[in-house]
Each structure stands twice: as structure tokens, then as C-alpha cells.
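Summary of the model geometry
Each chain is listed here by its residues.
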Amino acid sequence: MRRLRRNTLLLVLVLGTAIGCVGPGYSHDPVRVTVSDIRVLEATLLEQLYQVTLRVQNRDGRALEIRGGSFDLAINGVDFSSGVTDQGLTIPAYSDAKLDVRMVSTAFGMLRLVQGLQSRTTGEPLRYEISGRLSVDGHLGSVSFSDGGEFSMAQDTPDSAR
């Protein structure tokens, strides 16, 4: 009987410790990243260089101190470009800021994108996915993210402005 109590007590202690380690800790959605602008900086036969402006929202109650990051951009499900930055940026709690990133696409990536765009309907919005990792100071170390949205390539014409 004593042995059963001792084993039960030991089991409760082990389970209590395990639950405490993985239990309800600090869980939050620290950042949201969206594409704000894409500009061509340089284009050669084999690669294209873009400046992609990202809007980073800090959804935490503490300032977010970014030291840099790595990024991947897909358009309509096709890998489009990737890039890194060592730009530092501090975003106050519950605030947002823009971050400029140089991203590179290859001629083969551009070819895959153009092939995919040929099958879409005119005026249909393009979907993008941005993912990556931000290197941050403080309690987090690094923050992974994956977000997306849509944009349209259609321009208003006198007939469509009505």
C-alpha cells in the first residue's frame, strides 16, 4: 500500500512538472508582415533585383527590436523571390513600421511566374505569400511569420472608371 502511494505521488509530481513546462505559457501572435510595395532596382538576363517594402505590425505589448531577417515571396503559389536584410528597426508596442528588403528572383523563377499568369483571367487579383524569419532582441530570439494578401494589376481606364 505504501509503495502504491509513493508511486502515485511520484507520478503526480512528474506529470505536474511536465504540464508546468508545456502548459499555458506566453503565447501570442507577435508580428504580421504584409507587402506594401515592390520596385525593380535592376534586371539582367539571369536575375532581377527588387526593393520590397514590407509593413511589419508588432502585435505585442513590448517593443520589437528587429536586427535583420530572411524572406521568401511567392506570387500565385509560385516562388518569386528571396532576400535578406541586416537593417535594424525598433517597432513600439502595438504599432507598425516599414522595412525595405532587397530581394532577388532568377530568370527561371520569372519564367515560371509568367507561365502561371497566362492561365489567369484578366482582372483577376494576384495572390502573394510572404514568409520568413525576423531576428529580434529580447525574449523571443527570432520570430517566424507567414502572411499573404492580394493585389491587382488592372489599371483604371476611362471605360472602367464609370
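Above: the structure in question.
Quick look at the structure, then. (Residues numbered from 1 in each chain as written. Predicted model: local features only at pLDDT ≥ 70, side-chain atom pairs only at ≥ 80, totals over all residues. Heavy atoms only, no water.)

1. Observations regarding the nonpolar core
Counting residues in each nonpolar core, the largest one holds 27 residues, and the members touching the most others are L54, V56, I66, F71, I130 and L134. Broken down by secondary-structure element, the contributors of at least two residues to this core are β1 (31-43), β2 (47-58), β3 (64-75), β5 (89-91), β6 (95-106), β7 (126-136) and β8 (142-151). (Core = buried A, V, L, I, M, F, W, Y, C linked by side-chain atoms within 4.5 Å. Buried < 20%, exposed > 50% of the residue type's maximum accessible area, 1.4 Å probe, protein only. Helix = DSSP H or I, 4+ residues; strand = E, 2+ residues; numbered from the N terminus.)

2. Digging into unusual backbone geometry
What you tend to see is this: most non-glycine residues have negative phi, and most peptide bonds are trans. The phi angle at N76 is positive, at roughly 50°, despite the residue not being glycine. Residue placement: N76 occurs in the loop between β3 and β4 (78-85). Positive phi outside glycine occurs at Y94, with the angle close to 50°. Along the chain, Y94 turns up in the loop between β5 and β6.

3. Let's talk about the pattern of salt bridges
Within the structure shown, the criterion is met by four salt bridges. A salt bridge links R39 to D37; its shortest N-O distance comes to 2.8 Å. Residue classification places R39 among the exposed residues on the basis of a relative accessible area of 51%. In this structure, R67 engages D137 in a salt bridge whose closest nitrogen and oxygen atoms are separated by 2.5 Å. Separated by 70 residues along the polypeptide, R67 in strand β3 and D137 in the loop between β7 and β8 bring together distant segments of the chain. Classification of R67 as partly exposed rests on a relative accessible area of 43%. (Salt bridge = Lys/Arg side-chain N within 4 Å of Asp/Glu carboxyl O.)

4. Points about the environment of F71
Along the polypeptide, F71 turns up in strand β3. On a C-alpha basis, the gap between F71 and S144 in space is 9.9 Å, while along the polypeptide they are 73 residues apart.

5. Section: the pairing of β4
Direction of pairing for β3 relative to β4: antiparallel, over a ladder of seven bridges. Counterpart to I75 in the pairing with β4 is V78. In sequence, β3 turns back onto β4 through a hairpin of two residues, with N76 there showing a positive phi of about 50°. Bridge analysis of β4 against β6 gives three bridges, and the strand direction is antiparallel. Residue pairing for β6: V84 is matched across the bridge by R102. (Pairing = 2+ DSSP bridges.)

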